[in-house]
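What follows is each chain in one-letter form.
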Amino acid sequence: MPGLDYFSNSKDVASTKSTSTETIVESAPGVYYNARLDPKNFLDGPLSSNPATRLRQMLARPGIVIAPGICDGISARCALEAGFSCMYQSGAATTASRLGQPDLAIATMNDFVQAAQMVCSLDPTVPVIADADTGFGGPANVARTVKQYVRAGVAGLHIEDQVQTKRCGHLMGKQVVSREEFLTRIRAAVIARDSIPGGSDFVIIGRTDSAQVLGMEEAVTRLKLAADAGADVCFIEGVKTEELLRSTVAALAPKPVLVNVISGGLTPSFTSQEAEAMGAKIIIFSLVSSVAMVHAVRAAMKSLKKTGTDFSSAQGMDPKSFFEVMGLNEVIELDAKAGGSAFQVV
């Protein structure tokens with residue numbers, strides 16, 4: 001497979017290696033460095049229409065990237081309507097929405113890819129960061145996952161170090177694999193990304209769940225090694241205090257750090273402004289849409305059961321207004337431009 005030698009322990013401090021798709025420069029022994037993907041290359045110019053390139057531009061430039069968790073087309077439409085410039089396809093939210101199941105490694109790669117294809121199609125310029133759990137198997141499976149996500153239009157994914165029978169990062173009882181197995185997953189993802197013809201800007205995020213299992217020191221060490229193996233962003237799950245987040249950011253600098261905020265979870269409910277002040281570069285709110293949906297739908301169902309009507313829960317939204325949130329006007333405009341007449345009156 002192209003690129004296996006990107007990670008050799010050559011004693012040359014800086015050596016250049018060419019493959020059919022990339023030129024890789026090792027900046028230090030065993031450390032991955034792809035000159036084409038250097039953040040300085042994404043500092044200037046207009047934002048790209050390519051979502052992966054755009055995400056790299058957002059990471060290289062000032063300001064925190066705020067990505068609300070979405071679980072389906074409705075939540076994605078609402079996030080876009082609210083003006084968010086990035087979205088997060090939460091594995092927990094997708095599992096709940098598509099399967100009605102808890103986040104216990106029940107969903108498959110195909111479930112996540114199919115969800116991503118739909119979400120990414122709504123506005124192909126808006127970057128979507130997607131959960132990829134453990135990569136769904138060994139190195140070959142991780143590589144396949146990366147390529148499938150790229151084809152779906154995803155801008156970046158995160159791969160974690162939990163065992164295959166994983167669980168939500170904010171539940172207890174987690175188990176993690178060895179450092180080397182984690183790094184094998186990261187290397188496989190990087191190799192797969194770099195083997196894509198034409199060069200891909202796809203962002204690879206290394207996530208560790210080891211803080212709750214092996215301690216913060218081990219978690220930071222794992223992320224440093226993941227960064228050396230080619231991870232573009234570091235994601236430490238379950239950071240419990242502001243001090244720990246600040247120290248993690250400092251230890252991993254200049255690598256961008258992602259923080260995951262779930263109300264009632266292990267991490268305090270940092271605001272995006274607070275997380276930015278602590279040095280985080282990406283903040284995701286994994287269950288923001290899913291939890292809101294549970295509350296809203298529960299209330300609507302209880303109201304319907306009690307009153308026999310949905311008048312109150314509709315809050316004045318008629319069918320056309322609902323479809324307008326789903327892109328009705330864009331479809332009507334496209335049909336008219338193409339010479340169609342089916343939707344002159346709706």
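Residues numbered from 1 in each chain as written. Predicted model: local features only at pLDDT ≥ 70, side-chain atom pairs only at ≥ 80, totals over all residues. Heavy atoms only, no water.

The following threshold applies: UniProt positions are given in the numbering used here, feature names are shortened, and annotations may be inferred rather than shown by experiment.
Per an unreviewed UniProt entry, the recorded name for the chain is Oxaloacetate acetylhydrolase, and the organism is Psilocybe cyanescens. Quoted verbatim from the Sequence similarities (unreviewed entry) field of UniProt, the annotation for the chain is "Belongs to the isocitrate lyase/PEP mutase superfamily."

1. Concerning helix H5 (residues 139-152)
To be explicit about the condition: Here a strand is any run of E in DSSP of at least two residues, a helix any run of H or I of at least four, and the numbering for each starts at the N terminus. Expected span of a helix: the number of residues minus one, times 1.5 Å. Throughout this description, buried means an accessible area under 20% of the type-specific maximum (1.4 Å probe, protein chains only), exposed means over 50%, and partly exposed covers the range between. We call two residues contacting when some pair of their heavy atoms lies within 4.5 Å.
In this model H5 runs 20 Å from its N-terminal to its C-terminal C-alpha over 14 residues, within 8% of the 20 Å that 1.5 Å per residue would give. All of the buried residues in H5 are Val142, Ala143, Thr145, Val146, Tyr149 and Ala152. Considering only its buried residues, H5 is in contact with helix H4 (109-122), strand S5 (128-131), strand S6 (156-160) and helix H6 (179-194). Taken from the residues just after H5, Gly153 is the one with a positive phi, measuring 100°.

2. Some details on a nonpolar patch on the surface
Put simply, the test is: Within the patch definition used here, like charges are joined within 9 Å and nonpolar side chains (Val, Leu, Ile, Met, Phe, Trp, Tyr) within 5 Å, considering only residues with over 30% relative accessible area and no salt bridge. Note on areas: Shrake-Rupley, 1.4 Å probe, and residue coverage restricted to the protein chains presented here. In the sections that follow, a salt bridge refers to a side-chain nitrogen of Lys or Arg positioned within 4 Å of a carboxyl oxygen of Asp or Glu.
On the surface, a nonpolar cluster with roughly 360 Å² of combined accessible area is contributed by Ile74, Met317, Phe322 and Phe323. On the accessibility criterion, Ile74 (37% relative accessible area) is partly exposed.

3. Some words on the layout of surface pockets
As a reminder, the rule being used: A 1.4 Å probe that fits into a set of points on a 1 Å grid over the protein atoms alone but cannot get out defines a cavity; an open set with protein on both sides within 12 Å along at least five of seven lines defines a pocket, and lining residues are those with an atom within 4 Å of a point. Grid points are joined across faces, edges and corners, and a volume is the space filled by probe spheres set on the points. Amino acids are sorted into nonpolar (Ala, Val, Leu, Ile, Met, Phe, Trp, Tyr, Cys and Pro), charged (Asp, Glu, Lys and Arg) and polar (every other residue, Gly among them).
Estimates place the volume of the largest pocket at around 790 Å³. What lines the largest pocket is a set of 16 residues, among which Ala296, Val297, Ser313, Met317 and Phe322 lie closest to the centre. For the lining of the largest pocket, the elements supplying multiple residues, two or more each, are helix H2 (73-81), helix H11 (288-307), helix H12 (311-314) and helix H13 (319-325). Broken down by element, the residue count for the lining of the largest pocket peaks at six residues, all from H11. Of the residues in the lining of the largest pocket, the class split is 13 nonpolar, two polar and one charged. Residue lining of the second largest pocket: 22 residues in total, with Leu37, Pro39, Ala231, Asp232 and Lys255 positioned closest to the centre.

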